Amino acid sequence: MKIRSIDAFQVTYSLRDQKYSWSNDLYITEIVSTVVRVETDAGLTGYGEVCPLGPAYMDAHAKGVPAGIAEIGPALIGMDPRQLNLLNERMDLALGGHNYVKSPIDIACWDILGKASGQPVATLLGGRYRDGVPPYRAISQRKPEEMAEDVLKYRAQGYRRFQLKVGGNANEDIARIRRCREVLQPDDILVADANTGWLPHEAIRVANGVRDLDVYIEQPCSTLQECLAVRRNTTLPFVLDEIIRGTVPLVEAYNLGAMDVVNLKISRLGGLTKAKGVRDVCQSLGIAMTLEDSWGGDATTAAIAHFAGSTRAEHYFTSTDFNSYVDVSFAPDAPRMKDGLLPVPTAPGLGITVDESVLGKPVVSVTG
């Protein structure tokens, strides 16, 4: 089997909640996602998706994806898409860095491998541990009472895990966390995610200001050393996200005792192949994980569901269902949360049927 063509489509999503805000006064009201189609000479087609969270969150932006695929694509034509390690090595040789560009190609090839073998991606990633996983709901940064109202709204929809967007004024963030914890039940999980928005002194103030609460502190500062300074001044459980860019930074943080949980974003790591490698190290080291991506729609949500469903239950912390945040669906059979769980698809590959009429025309096409 050989790759015959690679096409990239771009879709603009509007947000169902109209606006999504996080630290450093960053926000989006709409977002551009890239859906990649990989076709083979055996008649099998795979799909992947990458959706950077705007141009200012980490080193990824939507306009860079088509340009990167045009650069990488010619090196992949004629390769067997089932040889995933070889394919990833070829992508790394063709383009240094830019993991987010490589991620949807890798995911599409996992989709092809699943269809070729008649197995869902979760089985191929190590085994299907569960039929569904409990997702979290991200709560956009707003005034404390408004965020508490959002928590209650989404709790009524079945969510029991919540990620508050903080990383603003320390006093306001303390009020946000306290008010949202007040409206939750004891078994509900609450994460205060600063997305690198605090300096250490601010983060320590917030952590000490809510030390009596059941809450996780996520990625308070931009560097490992800054996060360690906060970690050493709180007993609250700690999550690292943006600085976990691969196995080496993961092991460094682990050796320093820097976290209790890590957030693994598929596109930041370069796709499911590399994400699986980091995930498996976490399982060996006893680290719990949030398994997700930066943003996305139906294909991203399906990839997350397979990734999470193939992870041991004791190491699973949470995930999210991005297709519930956006107004466009291109795969009617994509997994959607029901009764508090995001289902893990059972059909071969990603287990979704893509309606290409929703995607429009490719913005980039690479053929042999």
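Our structure is the block above this text.
In this text, all values refer to a predicted model and were calculated from it rather than measured experimentally.

S.K.: Which residues make up helix α12 (residues 298-309), and what values go with them?
M.R.: For α12, spanning twelve residues, the distance from its first C-alpha to its last is 16 Å, which sits close to the expected 16 Å at 1.5 Å a residue. With twelve of twelve residues buried, α12 is to be regarded as a mostly interior element. When α12 is considered as a whole, its buried residues turn out to be D298, A299, T300, T301, A302, A303, I304, A305, H306, F307, A308 and G309.

S.K.: Pulling in residues and values, what's your account of the nonpolar core?
M.R.: In terms of nonpolar packing, the biggest core is built from 117 residues, with I177, L240 and W295 touching the most fellow members. In terms of residues, this core owes the most to one element, helix α3 (residues 99-117), which gives nine residues. Each residue touching L240, except ones within four places of it in the same chain, is listed here: Q219, L224, C227, A253, A258, M259, V261, V262 and N263.

S.K.: Tell me about the pattern of salt bridges, and please be specific about residues and values.
M.R.: Side chains that differ in charge, positive against negative, can pair when their charged atoms come close. Under the definition given, this model contains 28 salt bridges. As a salt-bridge pair, R176 and E172 come within 3.5 Å of each other at their nearest N and O atoms. In this pair, R176 and E172 are both assigned in helix α6 (residues 170-182), four residues apart and thus about one turn of the helix distant. Where R181 meets D214, a salt bridge forms, and the shortest distance between an N and an O atom there is 3.9 Å. Of this pair, R181 sits in helix α6 while D214 sits in the loop between α7 (200-209) and β10 (216-218), placing them 33 residues apart in sequence. By relative accessible area, D214 is classed as partly exposed at 44%. Linked through salt bridges whose partners overlap, the residues forming this network are R4, D7, R37, E39 and E356.

S.K.: Got a sec to walk through the packing of aromatic side chains? Specific residues and values, please.
M.R.: Counting across every chain of the model gives eight aromatic pairs. Between the aromatic rings of W295 and Y325, the centroid separation amounts to 5.1 Å while the plane-to-plane angle is 65°, which identifies the pairing as edge-to-face. Pair noted here: W295 is in the loop between β13 (288-292) and α12 and Y325 is in the loop between β14 (316-318) and β15 (342-343), with a separation of 30 residues, a long-range link. Neither W295 nor Y325 differs from the other in exposure class; each is buried. An aromatic cluster is built from Y20, W22, Y57, W295, F322 and Y325, whose rings are joined through pairwise contacts. Over the face of the ring belonging to Y27 we find K19, whose NZ or CZ atom lies 4.3 Å from the ring centre. The aromatic ring of Y325 is capped on one face by R137, whose charged end is 3.7 Å from the ring centroid.

S.K.: Got a sec to walk through the sheet that holds β13? Specific residues and values, please.
M.R.: Taken in spatial order, the eight strands line up as β7-β8-β9-β10-β11-β12-β13-β14 in an open sheet, and their pairing is parallel. Bordering the open sheet on either side are β7 (136-139) and β14, each of which pairs with just one other strand. For this sheet, the mean angle separating the axes of adjacent strands, direction not counted, is 30°. Here strand β11 (residues 238-240) pairs with strand β12 (residues 261-265) via two bridges, running parallel.

S.K.: I'd like to hear about empty space enclosed by the protein, residue by residue, with values.
M.R.: The method is simple in principle: a probe with the dimensions of a water molecule rolls over the atoms, and the space it marks as empty is what remains. A complete count under the given rule lists two cavities of 30 Å³ or more for this structure. By volume, the largest cavity amounts to about 130 Å³. Every residue lining the largest cavity is counted, 18 residues in all, and those nearest its centre are Y20, L53, Q163, K165 and S294. Elements that contribute at least two residues to the lining of the largest cavity include exactly β7 and β8 (161-165). Classifying every residue of the lining of the largest cavity by side-chain character gives nine nonpolar, three polar and six charged. The wall of the second largest cavity is formed by Y136, R161, F162, Q163, I189, V191, E218, N263, T290, F317 and T318. Those elements giving two or more residues to the lining of the second largest cavity turn out to be β8, β9 (189-193) and β14. Looking at the lining of the second largest cavity element by element, the count peaks at three residues for β8. Of the residues assigned to the lining of the second largest cavity, the class counts are five nonpolar, four polar and two charged.

S.K.: Now, about unusual backbone geometry: what can you tell me, with residues and values included?
M.R.: Phi is mostly negative for residues that are not glycine, and the peptide bonds are mostly trans. Unusually for a residue other than glycine, D25 sits at a positive phi of about 60°. Structurally, the position occupied by D25 is in the loop between β2 (20-21) and β3 (27-28). Backbone geometry at M58 places phi at a positive 60°, although glycine is not the residue there. Assignment of secondary structure puts M58 in the loop between β5 (45-50) and α1 (64-76). For M58, a relative accessible area of 21% translates into the label partly exposed.

S.K.: Go over the sheet that holds strand β1 (residues 3-14) with me, naming the residues and quoting the values.
M.R.: What the four strands build is an open sheet, ordered β5-β4-β1-β16; its pairing is antiparallel. Lying at the two open borders of the sheet, with one neighbouring strand each, are β5 and β16 (364-367). Across the sheet, the mean angle from the axis of one strand to that of its neighbour is 15°, orientation sign disregarded. Sheet topology note: the β1/β16 ladder contains four bridges and is antiparallel. By the bridge assignment for β16, A8 is matched with V364. Sitting on the sheet, α1 is in contact with β1, β4 (30-40), β5 and β16, with an inclination near 5° to β16.

Thresholds, definitions, all that
Residues numbered from 1 in each chain as written. Predicted model: local features only at pLDDT ≥ 70, side-chain atom pairs only at ≥ 80, totals over all residues. Heavy atoms only, no water. Helix = DSSP H or I, 4+ residues; strand = E, 2+ residues; numbered from the N terminus. Expected span 1.5 Å × (residues − 1). Buried < 20%, exposed > 50% of the residue type's maximum accessible area, 1.4 Å probe, protein only. Core = buried A, V, L, I, M, F, W, Y, C linked by side-chain atoms within 4.5 Å. Contact = heavy atoms within 4.5 Å. Salt bridge = Lys/Arg side-chain N within 4 Å of Asp/Glu carboxyl O. Phe/Tyr/Trp six-rings, centres within 6.5 Å; stacked < 30°, edge-to-face > 60°. Lys NZ or Arg CZ within 6 Å of the ring centre and 35° of its normal. Pairing = 2+ DSSP bridges. Axes fitted to C-alpha atoms, helices over the stretch in contact; angles between N-to-C directions. 1 Å grid on protein atoms, 1.4 Å probe; cavity = no way out; pocket = protein on both sides within 12 Å on 5 of 7 lines; lining within 4 Å. Points joined across faces, edges and corners; volume = space filled by probe spheres on them. Nonpolar A, V, L, I, M, F, W, Y, C, P; charged D, E, K, R; others polar.

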